[in-house]
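Structure at a glance
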Amino acid sequence: GMSASILRAAVMLTFVILGRAMQRNANIYNSLAVSAFFLVAWDPAILQDVGFQLSYMAVLSIVVLQPLLYKQFYFKFWTMDQIWLIFSVTCAAQVGTLPFTLLYFHQFPIYFWLANLIVIPLVTLILYLSFLVLLFSFFSGFLTFLSALVLDWSVRSVMFTVNLVEKLPMSVLKGLYPSITQVVLAILLCIFFYMFYKSRHFLHFKVICMLALVLCTITVYSSYVKLTQAEMVFFNIPGTRAIALTQGKRTIVVYDKCENAETKLNYYLKPYIGSKGILIAKFIKLSDSLKITDLNLSMRGSFILFNGVKLFVKPDSANVNSKEEAGLGADVIWLGEIKTILPDSFVFPAARIVLYRSSINVEKDIKAIYPHSSFNVKKAVLITIHPAKTETSSRIECGYF
């Protein structure tokens, strides 16, 4: 939160000032490393904090890259020089934090430089005005009111600028879902680009080429996987259940009873749809008993056939008693919510996978009654379908998503 951000900034600034006070040519990298060490020693879990990662990457990239960018151009006029200074700081910070913003937020702000050209001077003004308001409050009500008025105007201007830039066409590039491997490779590429720029060593250039080749290969393979993927994902969403039946970059989401279904499911399934590169998503209620011939899919009531895999979805409203459905010969059974276990209620001779929902620990009881694969869909369970294999038993792989 805000307090954690203030703490990080205060610790970083404190060690930088102490380093410069104790040593004339203090190494800012050491100061940053010491400040990070003390924060991690105080709270080791801070390493997983997104704000911690972004803060230190932004500061580190500004320290490393900003001087290189700034000296590329020289302006005689002070105004142009200050604009270029802000622009270079903004670009340097954006380069350092880009892999992390793509990994965590899956989007890239196109006009970050435009917003920062206005926001950074205003934020600096806000900082000074905050001190003035505090100082004037001790001896002058009029000056306090005047400085607070300008402070309020500055804050409103910052919010207006951010909102204005956000409304520009193509202001944000969304749907970017790199893997951790791609992010690590991108960071290594940036590091070796910098090393090559400083040393002009041919070895660094060879490493850059190798990393670029590996990154391109992984990206192409990832795109191929998304084009050929066939899977069923079972989601336990508050108030309903949903199944994403995905073929390539298209998916049909079959859901149980749910109010405002499309809005709600879009919200909960957005990370999945984005990470899988899905372009077309349709939402269909399970009880509509619609016959569909799309995505290698046919559906009738609670019975679904998808890519040769037979699925039976037990309605939540029905009792957990499967004897009458045993003749369906379903490969996958998704039961309703289980609150108590009845030994004679699990009769699925043809099923390979049984899925259920339960807030109590019933896994051992289910394993004792039904020895095949069973999964409690607390959040999501993934079934991958391999089209190259013929038998259903060898075509599907199931695990937690």
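Numbering of residues starts from 1 in each chain and follows the order in which that chain's sequence is written. It should be noted that, the model being predicted, local features are given only for residues of pLDDT at least 70 and side-chain atom pairs only at 80 or more, the latter also being counted only at that level, while totals for whole chains, interfaces and linings use all residues. Side-chain descriptors were evaluated using all non-hydrogen atoms of the structure, hydrogens and water having been removed beforehand.

**Some points on the side chain of R395**
Helix and strand assignments come from DSSP, with helices taken as H or I runs of at least 4 residues and strands as E runs of at least 2, each series counted from the N terminus. Among the structural elements, R395 can be located in helix α11 (residues 392-395). Buried R395, no salt bridge; nearest opposite-charge side chain is D331, N-O distance 7.8 Å. Within the local environment of R395, its side chain forms a polar contact with the backbone oxygen of N307, the two atoms lying 2.9 Å apart. When accessible area is computed with a 1.4 Å probe and restricted to protein chains, residues below 20% of their type maximum are described as buried, those above 50% as exposed, and intermediate ones as partly exposed. As used throughout, the charge tally considers Lys and Arg to be positive and Asp and Glu to be negative, leaving His and the chain termini uncounted. A pair is scored as a salt bridge if a Lys or Arg side-chain nitrogen falls within 4 Å of a carboxyl oxygen belonging to Asp or Glu. Nitrogen and oxygen atoms within 3.5 Å of one another constitute a polar contact, given that in protein one can donate a hydrogen and the other can accept it, and given that sequence-neighbouring residues count only through two side-chain atoms.

**Considering the layout of surface pockets**
Grid points spaced at 1 Å over the protein atoms alone were grouped into cavities, where a 1.4 Å probe fits but cannot get out, and pockets, open sets with protein on both sides within 12 Å along at least five of seven lines, with lining residues defined by an atom within 4 Å of a point. Grid points are joined across faces, edges and corners, and a volume is the space filled by probe spheres set on the points. In this structure, the second largest pocket encloses a volume near 760 Å³. Lining the second largest pocket are 28 residues; nearest its centre among them are G175, L176, Y177, P178 and G274. Listed by contribution, the elements that provide at least two residues to the lining of the second largest pocket are α4 (78-105), α7 (180-199), α8 (202-228) and α9 (261-275). The leading source of residues in the lining of the second largest pocket is α9, at 6 residues. For this scheme, ten residues count as nonpolar: Ala, Val, Leu, Ile, Met, Phe, Trp, Tyr, Cys and Pro. Four count as charged, namely Asp, Glu, Lys and Arg, and the remainder, Gly too, count as polar. Looking at the lining of the second largest pocket residue by residue, the class counts come to 14 nonpolar, 10 polar and 4 charged.

**A short note on the nonpolar core**
Definition of nonpolar core: a set of buried residues of the types Ala, Val, Leu, Ile, Met, Phe, Trp, Tyr and Cys, connected through side-chain atoms within 4.5 Å. Membership of the largest hydrophobic core comes to 26 residues, with the highest contact counts inside it found for M232, F234, L245, I304, L311, V332 and L355. Any two residues having at least one pair of non-hydrogen atoms within 4.5 Å are treated as being in contact. Not counting residues up to four positions away in its chain, the partners in contact with I304 are L245, V254, L286, L297, S298, M299, V309, K310, L311 and V313. V233, V253, A261 and L269 belong to the second largest nonpolar core, which has 17 residues in total.

**Observations concerning the packing of aromatic side chains**
Any two rings among Phe, Tyr and Trp, with Trp reduced to its six-membered ring, count as a pair given centres within 6.5 Å; such a pair is stacked if its planes are under 30 degrees apart, edge-to-face if over 60, and tilted if neither. For the structure shown, the criterion picks out 12 aromatic pairs. Plain terms: the ring middles of F108 and F112 are 5.9 Å apart, the flat faces sit at 65° to each other, and that makes the pair edge-to-face. For the ring pair Y267 and Y268, a centre distance of 5.2 Å and an interplane angle of 85° mean the geometry is edge-to-face. The rings of F73, W84, F87 and W113 are connected pair by pair, giving a single aromatic cluster. Sitting over the ring of F196, R200 keeps its end group 5.9 Å from the ring centre. Think of it as a cone above the ring: NZ of Lys or CZ of Arg counts as a charge over the ring if it is within 6 Å of the ring centre and within 35 degrees of the ring normal. One Lys or Arg, R241, reaches over the ring of W334 and ends 5.0 Å from the middle of that ring.

**A short note on the pattern of salt bridges**
Pairing is possible between side chains of opposite charge, provided their charged atoms come close. Under the criterion given, the structure shown has 3 salt bridges. Across the pair R156 and D152 runs a salt bridge, and its minimum N-O distance is 2.9 Å. One end of the pair is R156 and the other is D152, both in helix α6 (residues 141-166) and 4 residues apart, which spans about a single turn. Overall, D152 belongs to the partly exposed group, its relative accessible area being 36%.

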